[in-house]
Amino acid sequence: MAHVLVSPLNWGLGHAMRDIPVIRTLHAHGHEVTIAACGNALAVLRQEFPDAPTIEYPDYPVPFSSGHLFVPRFCACLPFMLKAVAREHATLDAILAKDHYDLVISDNRLGVFSSQVPSIFISHQLHYHLPLLYWPAEILAIPANMFLHEQYNRIIVPDNPPGPLSLAGKLSRPQTDVARDRVFFSGILSGTSQMACTQDLDYLVIISGPEPQRTILEKIILARIGELNGSGVVLLGNPQGSKAAFRRGDWTCIPYVPTEVKAELMNRAKCVICRSGYTTLMELAELGKTRALLIPTPGQTEQEYLSWYYREKGWFHSEAQDKLDLIDDVAATRNYPGFPAMSKTAENTHQLYEELLAGYLE
Amino acid sequence: MDELILPGTVSLIILYAGIALVMYGILRVLIWVIEAALFGNYLIFCGILTGIAGIVIAYILIGLWLRRIEII
């Protein structure tokens, strides 16, 4: 039995959620997993794996808010990021000194790697997408990424290999020999699984993302949902707000639900209206959803790219938040068939273990 | 810690120096444009504006070309 340290980034729940099937697989093969994370990511994984040992391992706050001037703000934050990543790396040395580990798995935590213990990086972004005007910055990010990738033995990309089934498009395209030598395309990894339930919900609206964009989207949605035919649930994604759910016509609006309730609602929904975060998109793929309206968080270049990419591929309809016309855009979702057929998480994690993880653990 | 701090710091210094250089270049060009306009050198004024327009177009075209060949 080997001992694995799994450490997801706490920028939203996406990283923690996609690590759930990886941890399940490691447990299924009899390995011990210690979870090192912080905030909501740690809370979700503690809930999912109550018997697994955990370590409170702070990362760093999102160094920018969504909105305009994202690149200049990000550049200004880089020294603080560097300091935080170096501190994170030093903390890892202390963690590894206290116990024996056979493998370190970092989900997008740039400082979580070791020269003493084999280290694996999980990321769907081997390449960063920026607006066209910032193309020199996008080029400069390539060697910076290469330097980071060099610190890891392997890189797990939770996506299909580049080609017609790639969900992350150019984001998951390896562009350097360093990335090409290390990359393993695992296919989608989703903590949300299909449930045996009927699709009795016409719509599920998942409002999320950083403020103030979350509130702006909430206002846009709540102003017009009554005009949609059918019933639905709106998840406001606002754990700080009022705890009570409220009705609006045939709609139920819920400030916040635990992840398992959200998974059930996603299973029941015929049409999902949500942000285009990569983990959410993997959930749509895992559940085989065919109707969705994607609304990228303004200023989040990754979400904007993925929305554009899916629309270009003809998989899902998307619309910018400031151009959203809920009635027309929901109607347009019928013209898109959803993702093509692809292997699901159960098969992918089996393959991931046999072809990659077992080599470090057995 | 040096395996991150040292190369990271060097990279940031190069990045910020590059940004400062570009900003300085833009400032110099702006001063030329304003000087040319103030002193009535309209030929130089129009020449610089044409040059700026050409550079901006070339910049965007290079970006589009890099996307097309999948470098970015």
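Residues numbered from 1 in each chain as written. Chains lettered and ligands numbered in written order. Predicted model: local features only at pLDDT ≥ 70, side-chain atom pairs only at ≥ 80, totals over all residues. Heavy atoms only, no water.

1. Quick notes on the pairing of strand E9 (residues 232–235) of chain A
All names here are of chain A.
Okay, so step 1: What you see with E9 is no split at all: Gly-232 and Val-234 on one side and Val-233 and Leu-235 on the other are buried throughout.
Okay, so step 2: Of the pairings in the sheet, the one linking strand E8 (residues 201–206) to E9 comprises four bridges and is parallel in character. Of the residues in E9, the one forming a bridge with Val-205 is Val-234.
Okay, so step 3: Traced from E8 through helix H6 (residues 213–224) to E9, the parallel crossover comes out right-handed.
Okay, so step 4: Where E9 meets strand E11 (residues 251–254), four bridges bridge the pair, whose relative direction is parallel. Across the sheet, the residue bridging to Leu-235 is Ile-254, located in E11. (Buried < 20%, exposed > 50% of the residue type's maximum accessible area, 1.4 Å probe, protein only. Helix = DSSP H or I, 4+ residues; strand = E, 2+ residues; numbered from the N terminus. Pairing = 2+ DSSP bridges. Right-handed = clockwise from strand over helix to strand, strands pointing away.)

2. Side note on the interface of chain A and chain B
Okay, so step 1: Between chain A and chain B, the contact holds 28 residues from the first and 20 residues from the second.
Okay, so step 2: At the boundary of chain A with chain B, total buried surface from both sides reaches about 2,100 Å², with 73% on carbon and sulfur atoms.
Okay, so step 3: When the buried area of chain A at its contact with chain B is split by residue, Leu-82, Leu-132 and Trp-135 of chain A rank highest and sum to 30% of it.
Okay, so step 4: Run the count over chain A and chain B and you get two salt bridges. (Contact = heavy atoms within 4.5 Å. Buried area = accessible area lost by both parts, 1.4 Å probe. Salt bridge = Lys/Arg side-chain N within 4 Å of Asp/Glu carboxyl O.)

3. Some details on the packing of helix H4 (residues 135–150) of chain A against helix H2 (residues 42–68) of chain B
Okay, so step 1: Here H4 of chain A crosses H2 of chain B at 45°, and the two axes come no closer than 10 Å. Regarding the angle of H4 of chain A to H2 of chain B, the classification is oblique. The residues of H2 of chain B that touch H4 of chain A, namely those facing Trp-135, Pro-136, Glu-138 and Ile-139 of chain A, are Tyr-59, Ile-62, Gly-63, Leu-66 and Arg-67 of chain B. (Axes fitted to C-alpha atoms, helices over the stretch in contact; angles between N-to-C directions. Parallel < 35°, antiparallel > 145°, perpendicular 65-115°, else oblique.)

4. Thoughts on the confidence of the model for chain B
Okay, so step 1: With 97% of its residues at a pLDDT of 70 or more, chain B has an overall mean of 92.
Okay, so step 2: The ipTM assigned to the predicted complex is 0.88, against a pTM of 0.91. (pLDDT = per-residue confidence, 0-100.)

5. Here we look at the packing of aromatic side chains
Residues and elements named next belong to chain A.
Okay, so step 1: Throughout the structure, instances matching the rule amount to 13 aromatic pairs over all chains.
Okay, so step 2: Here the aromatic rings of Phe-113 and Tyr-152 are separated by 5.7 Å at their centres, their planes lie at 70°, and the arrangement is edge-to-face. You can see Phe-113 sitting in the loop between strand E4 (103–107) and strand E5 (119–122) and its partner Tyr-152 sitting in the loop between H4 and strand E6 (154–157), a full 39 residues away along the chain.
Okay, so step 3: Given the relative accessible area of 3%, Tyr-152 is considered buried.
Okay, so step 4: Taken together, the ring pairs in this structure connect Tyr-305, Trp-308, Tyr-309, Tyr-310, Trp-315, Phe-316 and Phe-339 into an aromatic cluster.
Okay, so step 5: The ring centre of Tyr-57 lies 4.0 Å from the NZ or CZ of Arg-109, which sits over that ring.
Okay, so step 6: The side chain of Lys-170 reaches across the aromatic face of Tyr-305, ending 5.8 Å from its centre. (Phe/Tyr/Trp six-rings, centres within 6.5 Å; stacked < 30°, edge-to-face > 60°. Lys NZ or Arg CZ within 6 Å of the ring centre and 35° of its normal.)

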